[in-house]
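Chain by chain, the residues:
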Amino acid sequence: MHAWEKQDAVALTATMAPQFLYISSAGVTPREGVVAALTHACTLASYSLSDVRVRRISSDAAALVYKIHQSASCAGHSEPPIVLNTDTLVRHEDKWMFLLTTSTPAQ
């Protein structure tokens, strides 16, 4: 979130495994598409996280579930103010990286 807020493509890419996928109501987007969107089409003015839960899957995998409260826009359209995210993280070359992220607007 901080890398997105700063529009830092290098930092964003460094957090995502090479085979990263983002799943939302718009479809499935690979890492390159996500980084391009977050640094060129989308802006994040502010955010906070709540209801954070971590579940260890194995020694090299974990699930992270949380709620994002955000002020964001993409392509000139406001994004939902509250989003529910689930991330699957894997240990890749001794570093925890995002492998899959699913995002659902909260109702």
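Here, the structure is the one placed above.
An account of the accompanying structure is given in this report. All values derive from a computational prediction rather than experimental measurement. (Residues numbered from 1 in each chain as written. Predicted model: local features only at pLDDT ≥ 70, side-chain atom pairs only at ≥ 80, totals over all residues. Heavy atoms only, no water.)

### As for the pairing of strand β7 (residues 95-105)
Here is step 1: Pairing of strand β1 (residues 16-24) with β7 involves four bridges; the strand directions are parallel. Bridging from a neighbouring strand, leucine 21 pairs with leucine 100 of β7.
Here is step 2: As judged from the ten bridges shared by strand β6 (residues 82-92) and β7, these two strands associate in the antiparallel manner. For histidine 92, the partnering residue across the bridge sits in β7 and is lysine 95. (Pairing = 2+ DSSP bridges. Helix = DSSP H or I, 4+ residues; strand = E, 2+ residues; numbered from the N terminus.)

### Overview of helix α3 (residues 31-41)
Here is step 1: Looking only at α3, the buried set comprises Arg31, Val34, Val35, Leu38 and Thr39. Angular distribution of buried residues about the axis of α3 spans 110°; they occupy a single face of the element.
Here is step 2: Buried residues along α3 sit against α1 (2-5), α2 (9-15), β1, β2 (27-30) and β3 (42-58). (Buried < 20%, exposed > 50% of the residue type's maximum accessible area, 1.4 Å probe, protein only. Arc of directions from axis to C-beta. Contact = heavy atoms within 4.5 Å.)

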